[in-house]
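Structural description and commentary
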Amino acid sequence: MLLPVLAYFLVNNYVPMVGIYYAFVRFDFNTPLFRMDFIGLKNFEFLWRSGKLTELTYNTIGYNLIFIGLGNALSVTVAILVSEVKSKWFKKITQSVLFLPYFVSFVILSVIVFNIFNFEHGVLNTVLKALGADPVDVYSKPKVWILLIVVFYLWKSFGYSMVIYLAAITGIGEDYYEAAKIDGANTFQRAWHITLPMLKNTFVILLLFSLGTIMKGQFDLFYQMVGNNGLLYSTTDILDTYVYRSLKVTFDMGMATAAGVYQSLFGFTLIMVVNGIIRKINKEYALF
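Residue indices follow the written sequence of each chain, beginning from 1 at its first position. With pLDDT at 70 or above as the cut-off, local features in this predicted model cover only qualifying residues; side-chain atom pairs require 80 or more to be listed or tallied, and sums for whole chains, interfaces and linings still use all residues. Excluding hydrogens and water, the side-chain figures rest on all heavy atoms present in the structure.

1. Digging into the nonpolar core
Only buried Ala, Val, Leu, Ile, Met, Phe, Trp, Tyr and Cys residues count toward a nonpolar core, and they belong to the same one when joined by side-chain atoms within 4.5 Å. When a residue's accessible area, from a 1.4 Å probe over protein chains only, is under 20% of the maximum for its type it is buried; when over 50% it is exposed; and in between it is partly exposed. In terms of nonpolar packing, the biggest core is built from 23 residues, with Leu47, Leu208, Leu211, Leu239, Tyr242 and Ala259 touching the most fellow members. Strands are runs of DSSP state E lasting at least 2 residues, helices are runs of H or I lasting at least 4, and numbering of each runs from the N terminus. Going through the elements one at a time, helix H2 (42-49), helix H3 (52-83), helix H10 (200-212), helix H13 (239-250) and helix H14 (253-281) are the ones with two or more residues in this core. Considering each element in turn, this core owes the most residues, eight residues, to H14. Only heavy atoms enter the contact rule, under which two residues are in contact if any of them lie within 4.5 Å. When near neighbours in sequence (up to four residues on either side) are disregarded, Leu211 contacts Ile68, Leu270, Ile271 and Val274. Judged by nonpolar contacts, the second largest core, of 21 residues, contains Tyr63, Phe152, Met225 and Leu232.

2. Quick notes on the pattern of salt bridges
Any carboxyl oxygen of Asp or Glu that lies within 4 Å of a side-chain nitrogen of Lys or Arg is treated as forming a salt bridge with it. Scanning all chains against the criterion turns up two salt bridges. A salt bridge links Arg26 to Asp37, with the nearest nitrogen and oxygen atoms 3.8 Å apart. With Arg26 in strand E1 (residues 25-26) and Asp37 in strand E2 (residues 37-38), the pair connects residues that are 11 residues apart, well separated along the chain. Measuring nitrogen to oxygen at the nearest pair gives 2.7 Å for the salt bridge that ties Arg245 to Asp237. On the basis of relative accessibility, which here comes to 1%, the residue Asp237 falls in the buried class.

3. A look at the packing of aromatic side chains
Planes of paired rings set the category: under 30 degrees apart is stacked, over 60 is edge-to-face and the rest tilted, where pairs are Phe, Tyr or Trp rings (Trp by its six-membered ring) whose centres lie within 6.5 Å. Applying the stated criterion across every chain yields a total of 24 aromatic pairs. An aromatic cluster is defined as three or more aromatic residues linked by ring pairs; in this entry it consists of Phe114, Phe117, Tyr139, Trp145 and Phe152. Put simply, a charge is over a ring when the Lys NZ or the Arg CZ is close to the ring centre, within 6 Å, and near the line of the ring normal, within 35 degrees. Taking NZ or CZ as reference, Lys156 lies 5.6 Å from the ring centre of Tyr102, over its face. Across the ring face of Phe106, the terminal group of Lys156 is positioned such that the distance to the ring centre comes to 4.4 Å.

4. Brief notes about the packing of helix H8 (residues 174-182) against helix H9 (residues 187-198)
Lines are fitted to the C-alpha atoms to define the axes, a helix being fitted only along its stretch in contact, and any angle between axes, read from their N-to-C directions, falls within 0 to 180 degrees. Following both chains from N to C, one finds H8 and H9 inclined at 160 degrees, their axes separated by 10 Å at the closest point. The pairing of H8 with H9 is recorded here as roughly antiparallel in orientation. H8 and H9 meet at a crossing whose hand is right-handed. Contact residues: H8 offers Tyr176, Tyr177, Ala180 and Lys181, while H9 offers Arg190, Ile194, Thr195 and Met198. Lys, Arg, Asp and Glu make up the charged group, whereas Ala, Val, Leu, Ile, Met, Phe, Trp, Tyr, Cys and Pro make up the nonpolar group; the residues left over, Gly among them, are polar. Per-class residue counts for the contact of H8 with H9 are five nonpolar, one polar and two charged. In these notes the angle categories are as follows: under 35 degrees is roughly parallel, over 145 is roughly antiparallel, 65 to 115 is roughly perpendicular, and the rest is oblique. Here is the rule for handedness: rotate from the far helix to the near one, and if that takes an anticlockwise turn smaller than a right angle the crossing is left-handed, while a clockwise turn gives right-handed.

5. So, the environment of Gly276
Within the element layout of this structure, Gly276 appears in helix H14. Taking the relative accessible area as the measure of exposure, Gly276 reaches 13% and is therefore buried. Spatially, the C-alpha atom of Gly276 lies 27 Å from that of Ile194, the residues being 82 residues apart in sequence.

Given below as structure tokens:
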């Protein structure tokens, strides 16, 4: 029964890893892979000396840390609030409304963003003009997009994690809460001393999964919202978008592969280190 699964991962995940060799050669369309000129770490050296690697790493890790931190905090908070709702129909409606943005495609999200912040006909500037204020060209302000990307990402994705935490809360026995009520604990105290400690295992697992992909940015989110606007690259360019542009614009397979290899090795090292730390603190919460 495991053979189809093993075959899937072998064909789609392991066989393509042969392409890593592109990172160590001078790419040429007219030459087979293993006949290209071997240049060692030259592609990695060029990435480092260009200064682009530092900026890409900073942006990718920075955004993901914000996504993980704020996303989990918001998901846990909302899950606890929803779990305290007594009305079943209102709870179901709330869950559906919060979870619905997760199914909105990034293409639709980019259309929403464009219609809000477009300089000529966007909702924002239309309102500003109606109030007698000067329009704002949001697409020329790199720092503003740090906030916009974080806000729209949380709006779209936190509902998914919220449902996971809500399911974990549902699995907590009512005996704990009944005993706390008898002892005089209010809603906040029950959430702080019972719900949050019981969610620790779920939180650690989701955290490890998130850290494992910390070097893999949300390509769809960044590319659809920013596109090829070079004015915003300083604060919105991540490893995934850089690799895509390297393949699409410059056709530099070697440079793109080098960035991808760096991305994978960094993420692998990080997850191993974090998992090792967690295993020393509490073996039950470690992935392996």
